[in-house]
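# Survey of secondary and tertiary structure
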Amino acid sequence: MRHLLNPLDFSVEETDALIKLAMNIADNPQKYSKCCVNKKLAVLFYEPSTRTRLSFETAMLNLGGSVIGFSSADSSSASKGESVADTIRVVSCYADIAAMRHPKEGAPLVASRFSSIPVINAGDGGHQHPTQTLTDLLTINTLKGRLSNMTVGICGDLKFGRTVHSLINALSRYTNIKFILISPPELKIPDYIRDGVLKARNIEFIESTNLDSVISKLDILYMTRVQRERFFNEEDYIRLKDTYILDSSKMKLAGDDMYILHPLPRVNEISIEIDTDHRAAYFKQVKLGMYIRMALIMTLLEVKIDD
Amino acid sequence: MRHLLNPLDFSVEETDALIKLAMNIADNPQKYSKCCVNKKLAVLFYEPSTRTRLSFETAMLNLGGSVIGFSSADSSSASKGESVADTIRVVSCYADIAAMRHPKEGAPLVASRFSSIPVINAGDGGHQHPTQTLTDLLTINTLKGRLSNMTVGICGDLKFGRTVHSLINALSRYTNIKFILISPPELKIPDYIRDGVLKARNIEFIESTNLDSVISKLDILYMTRVQRERFFNEEDYIRLKDTYILDSSKMKLAGDDMYILHPLPRVNEISIEIDTDHRAAYFKQVKLGMYIRMALIMTLLEVKIDD
Amino acid sequence: MRHLLNPLDFSVEETDALIKLAMNIADNPQKYSKCCVNKKLAVLFYEPSTRTRLSFETAMLNLGGSVIGFSSADSSSASKGESVADTIRVVSCYADIAAMRHPKEGAPLVASRFSSIPVINAGDGGHQHPTQTLTDLLTINTLKGRLSNMTVGICGDLKFGRTVHSLINALSRYTNIKFILISPPELKIPDYIRDGVLKARNIEFIESTNLDSVISKLDILYMTRVQRERFFNEEDYIRLKDTYILDSSKMKLAGDDMYILHPLPRVNEISIEIDTDHRAAYFKQVKLGMYIRMALIMTLLEVKIDD
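Fair warning: this is a prediction, and the values are worked out from it, not measured in the lab.

All names here are of chain C. Of the residues making up helix 7 (residues 191-199), those classed as buried are I193, R194, V197 and L198. Angular distribution of buried residues about the axis of helix 7 spans 120°; they occupy a single face of the element. Residues of helix 7 that are buried in the fold lie against helix 6 (162-171), strand 6 (177-182) and strand 7 (204-208).

Here is the structure:
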């Protein structure tokens with residue numbers, strides 16, 4: 001039995017197979033609409049996340065299965081002191097597969113050890129969010145037709161953003177990827193990624209504090225939230241926000257096939273004026289996230305259909 | 001693509017078609033049980049409302065579809081600062097139609113502008129609640145066989161009750177409707193309804209403070225809640241409550257075919273002693289509300305079945 | 001129309017029929033997967049209980065039906081002052097059967113009086129939790145092949161544990177059951193059970209404060225939580241906890257076919273080191289709880305299938 005706890009749990013070959021399956025599903029969703037009849041997904045969300053939870057639920061419904069679970073810790077047995085280990089053992093009696101979101105790092109790992117059904121980590125604190133990374137890979141592959149030979153810009157909070165670290169890790173396994181890492185100095189990529197991943201694997205990368213000066217070189221721009229309250233005094237924030245808010249004037253400097261991704265929710269780091277730009281791919285990304293989850297559920301449940 | 005944001009968004013002809021469809025569904029629900037297979041309704045309830053939410057969910061399930069969503073803002077992405085516009089764009093990737101309840105007036109309108117799926121206003125603050133109005137029309141038509149040529153009494157809080165204003169507006173489009181508006185002086189119908197609708201359209205109406213004196217003239221009595229804490233000192237409340245609480249002694253003054261409607265929940269304005277009176281139609285109204293929502297979902301999704 | 005409000009609402013014959021049906025379902029769940037197509041279960045949970053709620057939901061989904069409802073009072077109409085009587089009348093318009101969990105004793109009874117659909121008490125305060133008792137009976141019968149001629153140990157909080165009182169009541173209807181009741185003096189079985197049930201029916205029982213000294217005599221050991229904060233000063237707790245925490249050293253004293261049940265959630269009264277012991281039946285009990293709820297839903301809805 002397989003689980004998905006970390007973005008790198010799947011090999012490159014397995015990831016590529018998953019992406020291929022997701023693209024097949026996207027092309028012909030109807031064909032897959034009975035794959036998981038009589039199967040049940042448990043969504044165990046110890047903290048709220050509408051988008052991720054609804055993505056999983058929709059994925060299972062689109063496969064013909066059904067959904068049980070909870071959307072916050074308040075309405076769970078956690079409030080009675082039940083351990084994650086016992087909860088997953090109970091849920092294993094009800095469901096065929098589980099997606100767990102938990103504020104504590106490692107909770108899905110603990111769950112997987114006591115589970116008799118596949119466990120998907122749907123986000124554990126600041127740690128991992130592997131289905132977001134798979135979504136990002138699928139989106140890039142769908143937009144560009146490849147996952148190699150390109151320059152990927154990542155902009156915003158590179159220090160704390162878990163999706164950023166996972167994406168760098170995942171893309172580093174493909175050939176000839178260059179990164180341009182754009183952030184204020186206070187939010188630079190941490191050493192364990194810079195040295196431990198990029199330098200260790202001889203990946204080409206540039207660090208920059210200025211989005212305008214590098215945007216023309218990018219094939220993909222991955223935007224993330226810079227949380228005002230966290231890191232800046234008000235002066236710094238005002239000084240920096242013009243640099244990192246993506247608007248139509250910045251988009252004029254970018255290539256016609258430079259697509260913008262964002263893990264969402266955005267607050268104001270992407271101006272809504274560019275939502276209609278054909279390069280704005282963040283809502284397309286949402287749809288693709290649902291398809292990759294369909295592919296993931298099928299793969300972990302070992303459900304196959306004839307071609 | 002159509003939305004339903006206001007009770008008057010549908011013309012009289014469209015409303016009549018909807019009512020006709022709902023009555024067909026009520027007569028033969030089994031015939032419609034596969035209409036929306038593989039379709040998904042998103043219930044986006046930023047404030048709790050069990051009855052309305054369950055009515056929508058039941059409606060979609062009865063059509064063979066399925067449901068995703070949230071039942072309070074706590075368990076939504078709103079708590080992370082996501083805008084209604086972004087939420088509906090995300091939900092448009094998952095569902096085929098959405099029903100939104102929101103404490104802020106106009107939120108469903110905003111959502112409809114950014115949505116790629118039909119949006120139903122399931123209540124926005126004190127503003128509109130169009131599926132309640134459609135329910136009221138269907139109930140009157142089912143009980144009376146017509147929506148014209150009758151005297152409709154509306155009793156209780158006529159000042160703030162959004163369902164009252166919508167119902168007056170909607171019924172005013174039919175011929176020969178007379179209104180008897182029964183309330184304490186403090187809770188009289190506001191000018192924009194009295195002058196802007198009733199007088200402007202030459203609709204006959206009487207204002208009264210006394211239910212007993214007019215009840216015998218009514219074909220329909222629409223009761224609403226008078227909230228104790230809102231408008232009266234204790235003395236006024238005690239003085240008034242006998243006048244506005246419907247009980248069996250008042251029902252003796254009413255005609256045998258004067259049906260009672262109420263948008264629910266009631267607190268104490270209808271005595272439970274008359275729940276078994278054949279003229280008490282407020283629970284029948286609940287059932288009909290589910291049928292009108294089935295008809296509405298089918299209509300907005302442009303789903304048709306052969307007769 | 002039948003409801004299930006108390007564990008003794010069903011006669012011994014009816015209970016045995018329910019257990020037989022549940023065992024048939026457990027043997028061949030696929031055969032029952034279409035029993036309740038187009039039927040809807042309403043889960044009306046005025047306080048959270050993940051395990052019980054998900055058990056009911058899974059049961060209905062496994063029968064081919066669907067589920068509506070709420071998982072806490074916050075997201076219900078109760079916050080607007082609607083009575084349980086009115087809520088069940090509304091829900092009767094939507095669903096075919098309801099399962100109600102409520103913090104107030106008697107709420108499901110009130111609901112049943114106003115309901116036009118079967119109501120299952122899914123726990124009302126410290127009062128009754130009949131589907132837990134049915135689960136316990138099914139588990140014992142599955143493990144032992146019988147519900148008579150055995151010695152049943154019940155350990156922990158015998159004073160306040162509602163499941164304990166119900167289980168004693170239910171088992172007392174079978175022949176030749178002996179009880180060994182193990183608890184600290186402060187948490188002994190109350191008089192209305194000791195005198196009103198056990199003595200009144202001439203049931204053999206022993207009261208003990210020491211688990212070690214009696215465990216070898218048991219066919220079944222039913223463990224319950226002893227809540228630290230409730231009854232002991234810290235000294236008493238430390239003194240007592242060794243006596244009542246079941247671990248592998250105690251299990252060495254027990255027979256090879258002495259199975260352990262627990263209504264869950266456990267906190268620390270069963271050491272996790274014995275979870276892999278073949279006699280640890282509390283997670284099997286969870287699965288069986290889902291099967292007995294399938295049998296119960298079928299029975300109350302009068303759904304039958306050909307053998």
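Moving on from the model shown.
Residues and elements named next belong to chain B. One open sheet holds the 5 strands; their spatial order is 7-6-5-8-9, and the pairing between them is parallel. Edge positions in the open sheet fall to strand 7 (204-208) and strand 9 (259-261), since each of these has one partner strand only. Within the sheet, the average angular offset between the axes of one strand and its neighbour, ignoring direction, is 20°. Two strands pair when backbone bridges link them, and strand 5 (residues 150-155) and strand 6 (residues 177-182) are joined in this way by 6 bridges, in the parallel orientation. Its bridge partner lying in strand 6, G153 is registered against I180. Where helix 5 (residues 130-144) meets the sheet, its contacts fall on strand 5, strand 8 (220-223) and strand 9, and the angle it forms with strand 9 comes to roughly 170°. Seen against the sheet, helix 7 (residues 191-199) touches strand 6 and strand 7 and runs at an angle of roughly 155° to strand 7.

This part is about the packing of aromatic side chains. Here the distance between the centres and the angle between the planes together describe a pair of aromatic rings. Scanning all chains against the criterion turns up 6 aromatic pairs over all chains. With a centroid separation of 5.1 Å and 85° between ring planes, the pair formed by Y46 of chain B and F70 of chain B is classed as edge-to-face. Here Y46 of chain B is found in the loop between strand 1 (40-45) and helix 2 (50-62), whereas its partner F70 of chain B is found in strand 2 (residues 66-70), with 24 residues between them in sequence. In terms of burial, Y46 of chain B and F70 of chain B fall into one category: buried. Across the ring face of F56 of chain A, the terminal group of R293 of chain A is positioned such that the distance to the ring centre comes to 4.9 Å.

This part takes up the relation of the copies chain C and chain A. The transform that puts chain C on chain A rotates by 120° and translates by 0.1 Å along the axis, for an RMSD of 0.0 Å. Such values leave the two copies arranged in the relation of a three-fold axis. Looking at the rotation axis and the C-alpha trace of chain C, the residue lying nearest is S66 of chain C, at 5.2 Å.

With that out of the way, let us pick up the interface of chain A and chain B. Taken residue by residue, the interface counts 25 residues in chain A and 19 residues in chain B. When chain A packs against chain B, close to 2,000 Å² is buried across both sides, 54% of that on carbon and sulfur atoms. Of all residues in chain A, T50, L54 and F283 of chain A give up the largest surface area on contact with chain B, accounting jointly for 25% of the area buried on that side. Linking chain A to chain B there are 3 salt bridges. Among the salt bridges present, the one from E82 of chain B reaches R51 of chain A, with a minimum N-O distance of 3.1 Å. Joining chain A to chain B, the criterion identifies 7 residue pairs in polar contact (both at pLDDT 80 or more). Of all the secondary-structure elements, those providing two or more residues to the side of chain A that touches chain B are helix 2 (50-62) and helix 12 (282-300) of chain A.

Residue-level contacts link 25 residues of chain C with 19 residues of chain A. Between chain C and chain A lies a buried interface of about 2,000 Å² when both sides are counted; carbon and sulfur atoms form 54% of it. Of all residues in chain C, T50, L54 and F283 of chain C bury the most surface against chain A, accounting for 24% of the area lost on that side. In this assembly, chain C and chain A are joined by 3 salt bridges. At the boundary of chain C with chain A, the tally comes to 7 residue pairs in polar contact (both at pLDDT 80 or more). Mapped onto the side of chain C that touches chain A, the elements with two or more residues apiece are helix 2 (50-62) and helix 12 (282-300) of chain C. For the side of chain C that touches chain A, a count of residues per class yields 9 nonpolar, 8 polar and 8 charged.

Okay, the nonpolar core next. All names here are of chain A. Ranked by size, the top nonpolar core spans 107 residues in total, and within it I154, I168 and F179 carry the most contacts. Here this core gets 13 residues from one element, more than from any other, and that element is helix 12. The contact partners of I154, leaving out residues within four places of it in the chain, are V164, L167, I168, F179, I180, L181, I182 and Y222.

A separate point is the pairing of strand 7 of chain C. Residues and elements named next belong to chain C. Across 5 bridges, strand 6 lies against strand 7 in parallel orientation. For L181, the partnering residue across the bridge sits in strand 7 and is E207. Handedness of the crossover joining strand 6 and strand 7 through helix 7 is recorded here as right-handed.

This brings us to the pairing of strand 6 (residues 177-182) of chain A. A large share of strand 6 of chain A lies buried, amounting to 5 of its 6 residues. Considered for its hand, the β-α-β crossover made up of strand 5 (residues 150-155) of chain A, helix 6 (residues 162-171) of chain A and strand 6 of chain A is right-handed.

Moving on, we come to the domain arrangement of chain A. All names here are of chain A. Domain boundaries assigned for chain A yield domain 1 (33-128) and domain 2 (131-285). Each of domain 1 and domain 2 has a C-alpha centre, and the two are 29 Å apart. In terms of surface lost to domain 2, no three residues of domain 1 exceed R51, G126 and Q128, which account for 55% of the buried area on that side. Joining domain 1 to domain 2, the criterion identifies 3 residue pairs in polar contact (both at pLDDT 80 or more). Residue contributions to the side of domain 1 that touches domain 2 peak at 3 residues, all from strand 4 (residues 119-124). Tallied by class, residues from the side of domain 1 that touches domain 2 come to 2 nonpolar, 5 polar and 3 charged.

This brings us to the pattern of salt bridges. Inspection of the entire model under this criterion finds 42 salt bridges over all chains. With a shortest N-O distance of 2.7 Å, R266 of chain B and D275 of chain B are connected by a salt bridge. Look at R266 of chain B and you get buried, because its relative accessible area is 3%. Across the salt bridge formed by R266 of chain B and D86 of chain C, the nearest N and O atoms sit 2.6 Å from each other. Of this pair, R266 of chain B sits in the loop between strand 9 and helix 12 (282-300) while D86 of chain C sits in helix 3 (residues 84-92), placing the two residues on different chains.

Attention shifts here to helix 3 (residues 84-92) of chain B. Summarising burial for helix 3 of chain B: 9 of the 9 residues are buried, a large majority. All of the buried residues in helix 3 of chain B are V84, A85, D86, T87, I88, R89, V90, V91 and S92 of chain B. Buried residues along helix 3 of chain B sit against helix 2 and helix 12 of chain A together with strand 1, strand 3 (97-102), helix 4 (107-114) and strand 4 (119-124) of chain B.

What follows deals with unusual backbone geometry. For the peptide bond that leads from L264 of chain A to P265 of chain A, omega is -5°, which places it in the cis range. Considering the arrangement of structural elements, one finds P265 of chain A in the loop between strand 9 (259-261) and helix 12. Phi angles above zero are rare outside glycine, and E302 of chain B is one such case at about 55°. Considering the arrangement of structural elements, one finds E302 of chain B in the segment after helix 12.

Here we take up the sheet that holds strand 4 (residues 119-124) of chain C. Residues and elements named next belong to chain C. Read across the sheet, 4 strands follow the order 2-1-3-4 without closing on themselves; strand pairing throughout is parallel. Each edge of the open sheet is held by one strand with a lone partner, namely strand 2 (66-70) and strand 4. Geometrically, the sheet is characterised by an average inter-axis angle of 15° between neighbouring strands, direction not taken into account. On top of the sheet, helix 2 reaches strand 1 (40-45), strand 2, strand 3 (97-102) and strand 4; it is set at about 175° to strand 1, its chief contact.

Reading the values: rules and limits
- Residues numbered from 1 in each chain as written.
- Chains lettered and ligands numbered in written order.
- Predicted model: local features only at pLDDT ≥ 70, side-chain atom pairs only at ≥ 80, totals over all residues.
- Heavy atoms only, no water.
- Buried < 20%, exposed > 50% of the residue type's maximum accessible area, 1.4 Å probe, protein only.
- Helix = DSSP H or I, 4+ residues; strand = E, 2+ residues; numbered from the N terminus.
- Arc of directions from axis to C-beta.
- Contact = heavy atoms within 4.5 Å.
- Pairing = 2+ DSSP bridges.
- Axes fitted to C-alpha atoms, helices over the stretch in contact; angles between N-to-C directions.
- Phe/Tyr/Trp six-rings, centres within 6.5 Å; stacked < 30°, edge-to-face > 60°.
- Lys NZ or Arg CZ within 6 Å of the ring centre and 35° of its normal.
- Least-squares fit on C-alpha atoms with pLDDT ≥ 70 in both.
- Buried area = accessible area lost by both parts, 1.4 Å probe.
- Salt bridge = Lys/Arg side-chain N within 4 Å of Asp/Glu carboxyl O.
- Polar contact = N/O pair within 3.5 Å; in protein donor to acceptor, adjacent residues only side chain to side chain.
- Nonpolar A, V, L, I, M, F, W, Y, C, P; charged D, E, K, R; others polar.
- Core = buried A, V, L, I, M, F, W, Y, C linked by side-chain atoms within 4.5 Å.
- Right-handed = clockwise from strand over helix to strand, strands pointing away.
- Domains from an automatic or database assignment.

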